[in-house]
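# Examining the three-dimensional arrangement
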Amino acid sequence: MAAMIGSGQTIKTGLQPTLSHQRGHCRFYQTPISTLTTENWRRRRSITVASCSLHHNSENSLKSHCEKLVHEFDPEVPIEKALTPPSSWYTDASFYDFELDRVFYRGWQAVGQFLPLRYTEQIKEPRDFFTGRLGTVEFVVCRDEKGKVQAFHNVCRHHASILASGSGQKTCFVCPYHGWTYGLDGALRKATRITGIQNFNVNEFGLIAIDVAVWGPFVLLNLERKMSPDYDVGDNDLVENEWLGSTSELLKCGGVDTSLSYLFRREYTIDCNWKVFCDNYLDGGYHVPYAHKGLASGLELDSYSTTTYEKVSIQSCAGGSTERVGSKALYAFIYPNFMINRYGPWMDTNLVVPLGPRKCQVIFDYFIEPHLKDDKSFIEQSLIDSEKVQMEDIILCDGVQRGLESPAYCSGRYAPTVENAMYHFHQLLHSNLCM
Ligand code: FES
């Protein structure tokens, strides 16, 4: 029979048993489980591995191996003389893990893997939710009964089952394994068949919260828990400062806003490191006349310009003859892996999700100005054109990855007048990886 637990009921508070007590081979941290928040989740994650004596030495040597690779790129050398990061940044498995920890588990991240619903539009009603994954982090984002946007690690506190799947509407999250049930505020509402359990405090077994914020139509997560539980997820100052820096007004003026109609999503899995796709995006249109002849005919490439900001770079180019591209195209790259493309009546976003040292998924979401949302033939033709560009890029990225894995290649050079956004990206990475 299920034991019903109210959120205010405390059975017993105490320190959790140490792992050495439980398994007899691994030191553990004497931390009250009530302090288990995302704030210390990252620290505990590394402590868990690092504190295992069997892994301690190899963990340290992997760390120093990765730090050595980081310093093989020198961000102080001016672009005219600089070497690009070594190929190991794009091929080394331990570097990939290091990067997840330093780059993706810190700061604000647009989220979206496996999500048909990523935008605030789709979590606009209470009880709407979506799930996703970033590195090894499984997450669920929902709007709770009071309308507050919430995000949690999507992992049951009983035996770690993934709790929710996909997206939709729920009044609570019921674990598919043994039925533990959590409210949309993350509180544990029901733990089944726990009669006789001791040292169990229900308040300490809610879902682990993740900081979440909303900017325009986008939902962002920050895995470093820093915010007080009552912060305002729609606090644009916070996101503008930390995510967009001084570019938020530029983007709004450039037509990146919530007035556009969401159309749909396309996903591409590419056999390349996530940075290969980003580099390709950030070469200042260098590859366009060679690899995208169809697209090049709709752009005035001589007008191409790039400006870099704190964590954002914006490339822009005058349009040419096509209705799809219109009079101007704006390509904003938001470090580390999110791109917003605004051209003609269109906006598309590209989220580059790392899936492994040599695999990533690129998620395209398409928006259009509302007056065209029913113009099927225009939309269809535009998407055919867009798909052609994606296929051309996939072939390029696949080829670059194979080249990076060749013993013939270590580092390359930048074309200084066009590839400054790419150089900026590598400098930001270096800075992040040194932290
Ligand atoms: S793992 Fe979720 S209830 Fe057992």
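Residues numbered from 1 in each chain as written. Predicted model: local features only at pLDDT ≥ 70, side-chain atom pairs only at ≥ 80, totals over all residues.

## Focus: the sheet that holds strand β12 (residues 261-270)
This is how the line gets drawn: Any two strands with at least two DSSP-identified bridges between them are counted as paired. Every helix listed is a DSSP run of H or I at least four residues long, and every strand listed is a run of E at least two residues long, numbered separately from the N terminus. To get an axis, a line is fitted to the C-alpha atoms, and for a helix only the part in contact is used. The angle between two axes follows their N-to-C directions and goes from 0 to 180 degrees. Contact between residues is assigned whenever the C-beta positions, reconstructed from backbone atoms, fall within 7 Å.
With antiparallel pairing, the 7 strands of this open sheet are ordered in space as β12-β18-β17-β16-β15-β14-β13. The open sheet has two edge strands with one neighbour each: β12 and β13 (299-308). Each strand of the sheet is rotated relative to its neighbour by a mean of 15°, with strand direction disregarded. Summarising the sheet, strand β15 (residues 328-334) and strand β16 (residues 338-343) pair through 6 bridges and their orientation is antiparallel. Residue pairing across strands places I334 opposite F338, the latter belonging to β16. Sheet strands in contact with helix α8 (residues 274-281) are β12, β15, β16, β17 (346-356) and β18 (359-368), and its direction is about 150° off that of β17.

## Overview of the packing of α8 against helix α11 (residues 376-404)
Cut-off, in case you're wondering: Angular relationships are summarised with four words: roughly parallel below 35 degrees, roughly antiparallel beyond 145, roughly perpendicular across 65 to 115, and oblique for the angles in between. For a crossing to be left-handed, the near helix must be turned anticlockwise from the far one by less than a right angle; the clockwise case is right-handed. Any residue outside Ala, Val, Leu, Ile, Met, Phe, Trp, Tyr, Cys, Pro, Asp, Glu, Lys and Arg is labelled polar, Gly included; the first ten of those are nonpolar and the last four are charged.
Remark: α8 packs on α11, axes separated minimally by 10 Å, with the N-to-C direction vectors making an angle of 125°. It follows that α8 is oblique to α11 by the angle criterion. The handedness of the crossing between α8 and α11 is right-handed. Side by side, α8 and α11 meet where V276, F277 and N280 of the first sit next to D393, L396, C397, V400 and Q401 of the second. Considered class by class, the residues forming the contact of α8 with α11 number 5 nonpolar, 2 polar and 1 charged.

## A look at the nonpolar core
Considering soluble globular proteins, one finds that nonpolar side chains tend to be buried as a cluster. The following threshold applies: Residues of type Ala, Val, Leu, Ile, Met, Phe, Trp, Tyr and Cys that are buried and joined through C-beta atoms within 7 Å form what is called a nonpolar core. With C-beta atoms placed from the backbone, a residue counts as buried when 20 or more other C-beta atoms lie within 10 Å of its own, as exposed when 12 or fewer do, and as partly exposed for counts between those limits.
The biggest cluster of nonpolar side chains holds 97 residues, and the ones touching the most others in it are F139, V140, V141, L220, F277, A332 and F333. Excluding residues that lie within four positions of it along the chain, V140 makes contacts with F129, T131, A151, F152, N154, L163 and A164.

## Here we look at the packing of helix α5 (residues 93-104) against helix α12 (residues 420-434)
Two elements in contact, α5 and α12, have axes whose closest approach is 8 Å; the angle formed by their N-to-C orientations is 95°. Relative to α12, the element α5 is oriented roughly perpendicular. Side by side, α5 and α12 meet where E99, R102 and V103 of the first sit next to L429, N432 and L433 of the second. Broken down by class, the residue content of the contact of α5 with α12 amounts to 3 nonpolar, 1 polar and 2 charged.

## Overview of the pairing of strand β11 (residues 218-222)
The buried fraction of β11 is high, at 5 of 5 residues. Pairing geometry for strand β2 (residues 108-110) and β11, over 3 bridges, is antiparallel. The residue bridging W108 from the neighbouring strand is N222, located in β11. Two strands pair when backbone bridges link them, and strand β10 (residues 211-215) and β11 are joined in this way by 5 bridges, in the antiparallel orientation. Directly across from W215, in β11, lies its bridge partner F218. Counted along the chain from β10 to the antiparallel partner β11, the turn is 2 residues long, and its residue G216 has a positive phi close to 55°.

## Examining unusual backbone geometry
Comment: phi is negative for the bulk of residues other than glycine, and the bulk of peptide bonds are trans. Of note, the bond from Y335 into P336 is cis; its omega dihedral lies within 30 degrees of zero at 5°. Along the chain, the position of P336 falls in the loop between β15 and β16.

## A short note on the sheet that holds β2
Across the sheet, which stays open at both edges, the 3 strands sit in the order β2-β11-β10 with antiparallel pairing between neighbours. The sheet is open, and its two edges are formed by β2 and β10, each paired on a single side. Between one strand axis and the next, the sheet turns by 35° as a mean value, whatever way the strands run.

## Details of the pairing of strand β9 (residues 188-191)
As paired strands, strand β8 (residues 181-183) and β9 are joined by 2 bridges and run antiparallel to one another. Note on β9: the bridge partner recorded for T181 is K190.

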